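Take a look at the letters that make up each chain.
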Amino acid sequence: MNFDARPGAHIARRRFGQNFLIATGIIERIIASIQPRPGENVVEIGPGLGALTRPLIEQTGHLHVIEIDRDLIARLRERYAPECLTIHEGDALKFDFAALCKEENASLRVVGNLPYNISTPLLFHLAGFASRLRDGHFMLQKEVVARMVAAAGTSEYGRLSVMLQYRFHMERLFDVPPGAFHPAPKVTSSIVRMTPLPAGTYEARDETRFSRIVAAAFSQRRKTLRNTLRDFLDESALKALGFDPGLRGERLSVADFVTIANAG
Ligand code: SAM
């Protein structure tokens, strides 16, 4: 068991999605997947009791963390010297990740065993900083990771898949059973790696319009493009672009959504 996560030391707070990693083998496997190197610019979201924090500091020499729970922040301050750990107190959903990229091309590595209750909005928030990131390694509910990496035409494919795959190459790495945490969550988790795509891979001219079209296409899964995209393109415009208006949104690739958004 990880020293910092010994039972009784901290009462896990459900409202902050606290499930602390205790399985040493899983912690090692996550760190081996990240391969942190000395001097890299790394930020951990939700360090908690430090299961990932300690090995990350050991390998990089310095780490940024964002934590919302004041009790945990006090413990982190006691345990780590400010030269190795910069603590950002507050909500990761409001955090300006660009502030950690001092130079124009200083790419940031983001790591987190994410609080499940805010995982989807946090991924959308992070996507806004994609051009500043080198990569992200996250632990999330297995079912959410399945949606993040889903291919067009599958039942898991939806708004989350398209909006993340528009900016990132996604890799599902491995599953983590509930027994690896204290307290144990009800569901299995998975580790996912997100690597920003090279600039210009997909280019929606108006990203707000793109995002609205994707949301509309998946708003009613059973309805066809003819109905869901009515406010954006009429049937003849869809046909002119080569799309069958009788298709459902789940048949469209990320590139198809970009084509439709750029046609308006
Ligand atoms: N990294 C630790 C581990 O793997 O054992 C803890 C993971 S626990 C699932 C999630 C952590 O995120 C907790 O430390 C929790 O307090 C923190 N947290 C929850 N909501 C947060 C938020 N909005 N911003 C920053 N941290 C948050």
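Residues numbered from 1 in each chain as written. Predicted model: local features only at pLDDT ≥ 70, side-chain atom pairs only at ≥ 80, totals over all residues. Heavy atoms only, no water.

J.: Would you mind going over the domain arrangement of the protein with me for this structure?
T.: Where interface size is quoted, it is often the accessible area lost as the parts come together. Taken domain by domain, the protein comprises domain 1 (14-196) and domain 2 (207-262). In this structure, domain 1 and domain 2 have C-alpha centres spaced 32 Å apart. Summed over both partners, the interface of domain 1 with domain 2 buries about 1100 Å², with 65% contributed by carbon and sulfur atoms. The largest per-residue losses of area from domain 1 upon contact with domain 2 belong to Y157, R159 and Y166, which jointly make up 45% of the total buried on that side. For the interface between domain 1 and domain 2, the tally reads one salt bridge. The shortest N-O distance in the salt bridge between E207 and R167 comes to 3.0 Å. The tally of links between domain 1 and domain 2 comes to five residue pairs in polar contact (both at pLDDT 80 or more). Partitioned by chemical class, the residues of the side of domain 1 that touches domain 2 number five nonpolar, five polar and two charged. (Domains from an automatic or database assignment. Buried area = accessible area lost by both parts, 1.4 Å probe. Salt bridge = Lys/Arg side-chain N within 4 Å of Asp/Glu carboxyl O. Polar contact = N/O pair within 3.5 Å; in protein donor to acceptor, adjacent residues only side chain to side chain. Nonpolar A, V, L, I, M, F, W, Y, C, P; charged D, E, K, R; others polar.)

J.: Would you mind going over the side chain of H137 with me for this structure?
T.: Topologically, H137 is positioned in strand 6 (residues 133-141). With residues near it in sequence (within four places) discarded, H137 still touches S33, I34, R109, V110, V111, G112, L173, V192 and R193. (Helix = DSSP H or I, 4+ residues; strand = E, 2+ residues; numbered from the N terminus. Contact = heavy atoms within 4.5 Å.)

J.: What is the right way to look at the pairing of strand 5 (residues 108-113) in this model?
T.: The two faces of the sheet receive side chains in turn, since in a regular strand these alternate between them. Here strand 5 lies mainly inside the structure; six of its six residues are buried. What you see with strand 5 is no split at all: L108, V110 and G112 on one side and R109, V111 and N113 on the other are buried throughout. When strand 2 (residues 42-45) meets strand 5, the two strands line up parallel, connected through four bridges. Across the sheet, residue V42 finds its bridge partner in strand 5, namely R109. Inspection of the sheet shows strand 5 paired to strand 6 by six bridges, in the parallel sense. For L108, the partnering residue across the bridge sits in strand 6 and is L133. Crossover connection from strand 5 via helix 4 (residues 119-127) to parallel strand 6: handedness right-handed. (Buried < 20%, exposed > 50% of the residue type's maximum accessible area, 1.4 Å probe, protein only. Pairing = 2+ DSSP bridges. Right-handed = clockwise from strand over helix to strand, strands pointing away.)

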